Every structure is written in C-alpha cells, then in structure tokens.
Amino acid sequence: MSDWRENDRKAVWHPFTAVKEDTVNVPIVRGEGAWLIGADGKRYLDAISSWWVNLHGHSHPYVAKRVAEQVQKLEHVMFAGFTHEPAVELATRLLEHMPEQFTKVFYSDNGSTAVEVALKMAFQYWFNQGAPRKKVIALEDAYHGDTFGAMAVGGRGVFSKPFDPFLFEVEFIPTPVVGKESEALDRLSQIIEKEEVASLIYEPLVQGTAGMQVYSPEVLDKMISMCREKGIIIIADEVMTAFGRTGTLFAMDQCEEKPDLIALSKGITGGFLPMGVTVCTEEMHNSFWSDDEAGKMKTFLHGHSYTANPLACAAACASLDLMEKDETWENIQRIEAQHSEFAKEATEISGVAAVRHKGTILAIEYETGAQTGYFNSLRDRLYDFFLERGIILRPLGNIIYIIPPYCITEEELNSVYQAIREFKL
Ligand SMILES: Cc1ncc(COP(=O)(O)O)c(C=O)c1O
C-alpha cells in the first residue's frame, strides 16, 4: 500500500472543499495542548479549536483516560429501551447547570441533528395540541447546520443554493446588531401580529458562521418576550456559544428570558467525540406525554443509531469536570482580557474594517472593496498566510476569527496577534 497521504487524494472527499486538481489537505498525526503536529513534524497552533469543538486542548490526558476507561466497559448500546450510567450522569449534570424549568435531555450526534430535533419537537408540540403551526422565524445570515431542516432555518446563499427549492419556508428578520435593533424588533412584531408562528430559532449573542456578528442580551430578551406573549416556542442554538465561549457557561446565562429548547454540540465532548444534545423544558416534554393507546401518536418518533453513545457521554462528563474547575474559568477570563486589549489595537490596523469581540471569540473583518462573500479571493490569501506561519485560522471570506482552546497560553495567543499585525492587505 502506498503512503496514506497520497491515498487521501485518491479515496477521500473532504467537507467544504472544492473538487479540483491542486487541493491540499494537511496530514496531521498528533495533537497536544493547543497544537496539531503534521506528518512532516511541522507544528500548527489551532487558533480556532478545530471548528470550535476543542475546549481543553488536543488529546487532553484526563478526557482520554475517562474515554479509555469507558471503552473497556461498554462501547455502545442502542438507546431505545436501554440506558447507561454515562448518559444519565451527563444529562443530570447538564440540567444542574440550567434553570429549573429545563428537565429533559434528548441525545443525537452532531450540531445539525441537535437543531433538527429541536425544530421537530417544536412542530410536534403544536401537532400534539391539535393545532399545527408551520411558520418558523430565524435571523438573516443564520447558520444552524447542513441537514435539510437546519439548512431551511439558515440564511440562504451559496451554501444552500442547490437545495433552496426543497427547503421549507422561513421568515427571516435582521440580526439585531447595533444599529439594527429597531428594524429587527419591528419586523418580528409585524410577523407575529399577522400569523401564527411555531417557533423562533437563533444563535444567542454571537452568530458564528455569519462572521461572529455580536448582539446584546437586552435585545434578545425583548425578542423572546414578544414571542412568548404569542406562545411561540423559543429555540436557542447554543451549538457554538455554549461551554464558556461567550464568557459564561451558556450564552443564555446572560439573558433574563430563557428559551424552551436548547441545541448543544461542538464543545460538549471537549472535541473528542461527536455528540448532539437537545435540552427541553418540562412543559415541552409534557406535550408528548400520554398513557393511552391513541396517545402513542404523541410519541417523538426520532432517534439515531449512535444516540447517547457511552464513549461520547464519558468524554462529555470528563469535559464537564474540567469546565467546573477554577483554572478553566481563569483561562477563559485571561483570553477575554487579552482579546479585549488586542481588539482596541486591531481597529487601527490598516485595512481592518471592523473588529468584534465577545468572551473568548475575536473576529477581524478586512476591507474588500467590491468583493464580498465566502469565496472572496482574500480568504485564500489570509488562510495561506497564517498556515505558512503555523497558525490555523480558517477565514469566513474576508473575516478571520480566533476561538482558541482554553489551554492556549498568553504567549501562544500573543503569537497569533503578532501574525495578524504582520499581515498586509
Ligand atoms: C450555531 C451552529 N449550529 C449548528 C451547527 C452545525 O453543527 P454540526 O457541524 O456539528 O452539524 C453549527 C456548526 O458550525 C453552528 O455553528
């Protein structure tokens, strides 16, 4: 068999990657702390936590040990009709970190499925009441995943174009960033006054894929309370924002108004194994309840083969142990302070159009003239510039962002800022 690196080109189709002659996928053989180590020995600083999943560093010894222990005991069992301790421990502990109205955890296996489950629960909530509702409200430029339901509630553009005819209808309102709050609230009010809406879905406080668009807890509170008055089911997609990313355990912790359903994934296992979680309130869960034969129709008939995989649950429990340590929160606060300091400087860098910062997330948007969008040519220049310097930043068009693992040191983070200073538009 020839070298596995050559076979990658022959046998593997990579995500979000153009199918063409000169595509190069960097072979990685090891990870430690904030670093990934290439097959040629080159070290890469993972400044975006491998698509925002890694919280505590790569191959963290404690999480690895807990997963290794679990794998010796039970690797998997189907989750309908059976249960196991890691799933129960994780659900119980997640709920302990949430307000008391949240009482049930439904497992799936990635961020898109966590969102699909939330959308389906919201639609079936209305169906089970005998008063089905169809309309969903989402935010412009939202990203909730790549499966059909998740795509439908995401902003329409190059990613969705081939599939647009198959997506259900959604009302999009402006993301309520500074300067757009009233427009967003007015639009929301018009829609909910005019028609019956099933659910509202949003990425709380930071819209990730839209380029880390930040908006305030106050405006989100207003949106939620307007929808509450109409009984609309509120879905918070915390797939990216949870587990300390915005400076609190969940972004919703910064809001007065809470959702009915919460989608979690990405950081939940510390970046070790795929897992999706949809958390729901007692009231939501009760709407699926029935003891009689006819009531079986109220059942939530949804599940995945790897639902509540014990290894993923063990990794998530271990990651939660680390999240509960003071040291992790000291690191989160340090990253937040470093970002805040650099954000002031970055606004002065030539060619920088905007800087956005929330918690451990920092985004820098470059001027592009007429060219905008994901396929902006600047994107490739930025990507290559940082990769050559051993820093992984995967730009969203003309926007770079840093979302590091919490174990990144002060010096390592400073080295990313230094590279940003050196990039010339
Ligand atoms: C807010 C949000 N929701 C859902 C998803 C989809 O998650 P996954 O890629 O695990 O399907 C993402 C992924 O980036 C996301 O950022």
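What counts as what
- All residue numbers refer to position in the chain's written sequence, counted from 1.
- With the structure being a predicted model, the display of local features is reserved for residues of pLDDT at least 70 and the display and counting of side-chain atom pairs for 80 or more, all residues being used for whole-chain, interface and lining totals.
- Throughout this description, a residue near a molecule or strand is one whose C-beta atom, derived from the backbone, lies within 6 Å of it.
- Numbering of helices and strands starts at the N terminus; helices are DSSP runs of H or I of at least 4 residues and strands are runs of E of at least 2.
- Here the nonpolar group is Ala, Val, Leu, Ile, Met, Phe, Trp, Tyr, Cys and Pro; Asp, Glu, Lys and Arg are the charged ones; every other residue, Gly included, is treated as polar.
- When DSSP finds two or more bridges between a pair of strands, those strands are recorded as paired.
- In this analysis, axes come from line fits to C-alpha atoms, helices being fitted only over the stretch in contact, and the angle between any two N-to-C directions falls in the range 0 to 180 degrees.
- A pair of residues counts as a contact when their C-beta atoms, built from backbone coordinates, are separated by no more than 7 Å.
- We call a set of buried Ala, Val, Leu, Ile, Met, Phe, Trp, Tyr and Cys residues a nonpolar core when their C-beta atoms link them within 7 Å.
- Around each residue's C-beta, the other C-beta atoms within 10 Å are counted; 20 or more make the residue buried, 12 or fewer make it exposed, and counts in between make it partly exposed. All C-beta atoms are placed from the backbone.
- Each domain span listed reflects an automatic or database assignment of domains.
- Each angle gets one of four labels, with under 35 degrees taken as roughly parallel, over 145 as roughly antiparallel, 65 to 115 as roughly perpendicular, and the rest as oblique.
- The hand of a helix crossing depends on one turn: near helix anticlockwise from the far one by less than a right angle means left-handed, and clockwise means right-handed.

Section: the site of the ligand
Turning to step 1, where the next piece is worked out: Residues in contact with the ligand amount to 14 residues; listed here are only the nearest, Asn110, Gly111, Ser112, Gly145 and Val239.
Turning to step 2, where the next piece is worked out: It is helix α5 (residues 111-128) that contributes the most residues to the shell around the ligand, three residues altogether.
Turning to step 3, where the next piece is worked out: Broken down by class, the residue content of the shell around the ligand amounts to four nonpolar, eight polar and two charged.

Some words on the sheet that holds strand β10 (residues 233-237)
Turning to step 1, where the next piece is worked out: Spatial ordering of the open sheet is given by β4-β12-β11-β10-β7-β5-β6, a layout of seven strands whose pairing is mixed. Every other strand in the sheet has two partners, leaving β4 (102-108) and β6 (170-173) as the edge strands with one partner each. If you compare each strand with its neighbour and ignore which way they point, the axes differ by 20° on average.
Turning to step 2, where the next piece is worked out: Along the sheet face, helix α7 (residues 181-194) touches β5 (135-139), β6 and β7 (197-202) and points at about 155° away from the line of β6.

Observations concerning the sheet that holds strand β13 (residues 352-358)
Turning to step 1, where the next piece is worked out: Read across the open sheet, the three strands follow the order β13-β14-β16; overall the sheet is antiparallel. The strands lining the two open edges of the sheet, one partner per strand, are β13 and β16 (399-402). When strand polarity is set aside, the average angle formed by the axes of neighbouring strands in this sheet is 15°.
Turning to step 2, where the next piece is worked out: Where strand β14 (residues 361-366) lies against β16, four bridges are found, and the strand directions are antiparallel. Of the residues in β16, the one forming a bridge with Ile364 is Ile400.

Notes on the nonpolar core
Turning to step 1, where the next piece is worked out: Counting 112 residues, the largest nonpolar core has Ala118, Ile235, Ala315 and Tyr401 as its most contacted members.
Turning to step 2, where the next piece is worked out: Here the element with the most residues in this core is helix α10 (residues 310-323); it accounts for 10 residues.
Turning to step 3, where the next piece is worked out: Counting residues domain by domain, this core receives three or more from each of domain 1 (4-57 + 325-422) and domain 2 (64-323).
Turning to step 4, where the next piece is worked out: Residues within four places of Ile235 in sequence aside, it is in contact with Ala118, Ala122, Ser199, Leu200, Ile201, Pro259, Leu261 and Ala263.

Quick look at the packing of helix α11 (residues 326-346) against helix α13 (residues 410-422)
Turning to step 1, where the next piece is worked out: The geometry of α11 relative to α13 is characterised by a closest axis approach of 11 Å and an angle of 20° between their N-to-C directions. Here α11 lies roughly parallel to α13, going by the angle between them. Here α11 runs over α13; the crossing is right-handed. Where α11 approaches α13, its residues Arg334, Ile335, Gln338, Phe342 and Ala346 are matched on the opposing element by Glu410, Leu413, Tyr417 and Ile420.
Turning to step 2, where the next piece is worked out: Considering only residue class, the contact of α11 with α13 consists of six nonpolar, one polar and two charged.

Observations concerning the domain arrangement of the chain
Turning to step 1, where the next piece is worked out: As far as domains go, the chain holds domain 1 (4-57 + 325-422) and domain 2 (64-323).
Turning to step 2, where the next piece is worked out: Relative to domain 2, the C-alpha centre of domain 1 lies at a distance of 26 Å.
Turning to step 3, where the next piece is worked out: Counting residues at the interface gives 25 residues for domain 1 and 20 residues for domain 2.
Turning to step 4, where the next piece is worked out: Secondary structure elements with two or more residues in the side of domain 1 that touches domain 2: α2 (49-52), α11, β13, β14 and β16.
Turning to step 5, where the next piece is worked out: Considered class by class, the residues forming the side of domain 1 that touches domain 2 number 13 nonpolar, seven polar and five charged.

Structural notes on the pairing of strand β12 (residues 276-281)
Successive side chains on a regular strand alternate, one facing one side of the sheet and the next facing the other.
Turning to step 1, where the next piece is worked out: Buried residues dominate β12, accounting for six of its six residues.
Turning to step 2, where the next piece is worked out: Residues Gly276, Thr278 and Cys280 of β12 are buried on one face, and the alternating residues Val277, Val279 and Thr281, pointing to the opposite face, are buried as well.
Turning to step 3, where the next piece is worked out: Bridge count between β4 and β12: six bridges; the pairing is antiparallel. Directly across from Ser108, in β12, lies its bridge partner Gly276.
Turning to step 4, where the next piece is worked out: In terms of strand pairing, strand β11 (residues 261-264) meets β12 through four bridges, oriented antiparallel. Among the inter-strand pairings, Ala263 is bridged to a residue of β12, identified as Thr278.

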